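Remarks on the overall topology
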Amino acid sequence: MDNLYANILSCLSSSGKGVVALTGGGGKTTFMISFSSFLKKQGKSVLMTTTTKIESPRYRDYGADKVLLNELDALTLEVETGKSYLYAEYTDLDVKKVLSPRKEVLSSLFCRFDWVIVEADGSRQLPMKIHTERDPVIPSFATDVISFFGTEGIGEKAYSYVFGEDREILIDSTYLSSYFSSPEGAMKGCAGKNAVYIANFKGKFDSSKKRTIEESDHPSPLFLLSLKEEELYGIL
């Protein structure tokens, strides 16, 4: 799996550090945790955070060396190389979620870490997403965007697998082409940023789904992979 993340890292900010916003659906949180672990092994300091909301560390292990849940702890943190940190704010409205810190606080923290990974979008567990005017919430200082989509909806009706979609249209190569080209689709927020696209095979690898993606008008670089199986199936 390290080879996979090394390939993705090679497509990101050439300075060797940056702020990476994760958008779309189909594996953002899993990727954030695994990529952070990889960067730690490279001796980098890593901050995991969100500009929306993510699952509470009470219910999910982020593998962080330290969890920060208030502004004072975050602002007084002594950052160490080769360590990862999670920073988000608790809310009484939903004990299962933690929320974005204030943007002013985040902007003051970013320069202190080698890499910052920001979950900047939500899709309610669906593999694809049509965005609204309010999302994704990509910070202006992000250097890179990684846009995800899950492949489990390919060959199925869009309304069941695409958040924000109510049509019964089939998810095929034509649909994927429009999904990539739509102003509210997979590429939203990528303009002006260094962008990487990931097609995540949640279940067993399906060559027909891979072929459907290949036949679409897709952006590059697009990684075909399985986060669960820790396999790379190709780069388009």
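Our structure's up above, just so we're on the same page.
A brief look at the structure comes next.

Reading the values: rules and limits
Numbering of residues begins from 1 in every chain and follows the order in which that chain's sequence is written. Local features are withheld for residues below a pLDDT of 70 in this predicted model, meaning they are given only at 70 or higher, and side-chain atom pairs are given and counted only at 80 or more; totals for whole chains, interfaces and linings count all residues. To obtain the side-chain values, all non-hydrogen atoms of the structure were used and water was disregarded. Only DSSP runs of H or I with at least four residues qualify as helices, and only runs of E with at least two residues qualify as strands; both kinds are numbered from the N terminus onward. Note on definitions: a residue-residue contact is assigned when non-hydrogen atoms from the two residues lie within 4.5 Å. By definition, two strands form a pair when at least two bridges between them are found by DSSP. Note on method: axes are straight lines fitted to C-alpha atoms, helices fitted across the in-contact stretch only, with angles between N-to-C directions ranging 0 to 180 degrees. Categorising residues by exposure relies on relative accessible area from a 1.4 Å probe, with only protein chains included: less than 20% of the type maximum marks a residue as buried, more than 50% marks it as exposed, and the intermediate range marks it as partly exposed. The salt bridge criterion pairs a side-chain nitrogen of Lys or Arg with a carboxyl oxygen of Asp or Glu, the two atoms within 4 Å. Between rings of Phe, Tyr and Trp, where Trp is taken as its six-membered ring, a pair exists when centres lie within 6.5 Å; planes separated by under 30 degrees are stacked, by over 60 edge-to-face, and by other angles tilted. Only Lys NZ and Arg CZ are tested; either one counts as a charge over a ring when it is within 6 Å of the ring centre and within 35 degrees of the ring normal.

**Side note on the environment of Phe113**
Within the element layout of this structure, Phe113 appears in the loop between helix H4 (103-109) and strand E8 (115-119). For the pair Phe113 and Lys83, spaced 30 residues apart in the sequence, the C-alpha separation amounts to 9.8 Å. In this structure Phe113 touches Lys17, Ser45, Val46, Leu47, Leu77, Val79 and Tyr85, once residues within four positions along its chain are discounted.

**Considering the sheet that holds strand E13 (residues 222-226)**
Across the sheet, 9 strands lie side by side as E4-E5-E2-E8-E1-E10-E12-E13-E14; this open sheet has mixed pairing. The sheet is open, and its two edges are formed by strand E4 (66-68) and strand E14 (231-235), each paired on a single side. Going from strand to strand, the sheet's axes swing by 20° on average, the running direction of each strand aside. Pairing of strand E10 (residues 144-150) with strand E12 (residues 194-200), which is carried by 7 bridges, proceeds in the parallel orientation.

**Remarks on the pairing of E12**
One face of the sheet, then the other: side chains in a regular strand alternate in exactly this way. Counting buried residues along E12, 6 of its 7 residues qualify, which places the element largely inside the surrounding structure. Here E12 pairs with E13 via 4 bridges, running parallel. What sits directly across from Asn200, in E13, is Leu225.

**Considering the pattern of salt bridges**
Applying the stated criterion across every chain, the model contains 10 salt bridges. Measuring nitrogen to oxygen at the nearest pair gives 3.9 Å for the salt bridge that ties Glu168 to Lys157. Of the two residues, Glu168 is situated in the loop between strand E11 (162-163) and helix H6 (173-181) and Lys157 in the loop between E10 and helix H5 (158-161); the sequence distance between them amounts to 11 residues.

**Section: the packing of aromatic side chains**
Aromatic rings considered in pairs are described by the distance between their centres and by the relative angle of their planes. With the rule as written, the count across this model stands at 13 aromatic pairs. Geometrically, the ring pair formed by Tyr5 and Phe38 is tilted, given 6.0 Å between the ring centres and 35° between the ring planes. Here the residue Tyr5 occupies a position in helix H1 (residues 2-10), and Phe38 occupies one in helix H2 (residues 28-41), the gap between them amounting to 33 residues. The same class applies to Tyr5 and to Phe38, which are both buried. Both rings, one in Phe201 and one in Tyr233, keep their centres 5.4 Å apart while their planes meet at 85°; by these two values the pair is edge-to-face. Of this pair, Phe201 sits in the loop between E12 and helix H7 (207-215) while Tyr233 sits in strand E14; the two residues are 32 residues apart in sequence, bridging distant segments of the chain. The class for Phe201 is buried, based on a relative accessible area of 1%. Judged by its relative accessible area of 23%, Tyr233 is partly exposed. One aromatic cluster is present, built from ring pairs that chain together Tyr5, Phe31, Phe35, Phe38 and Phe148. Sitting above the plane of the Tyr90 ring, Arg58 keeps its charged end 4.2 Å from the centroid.

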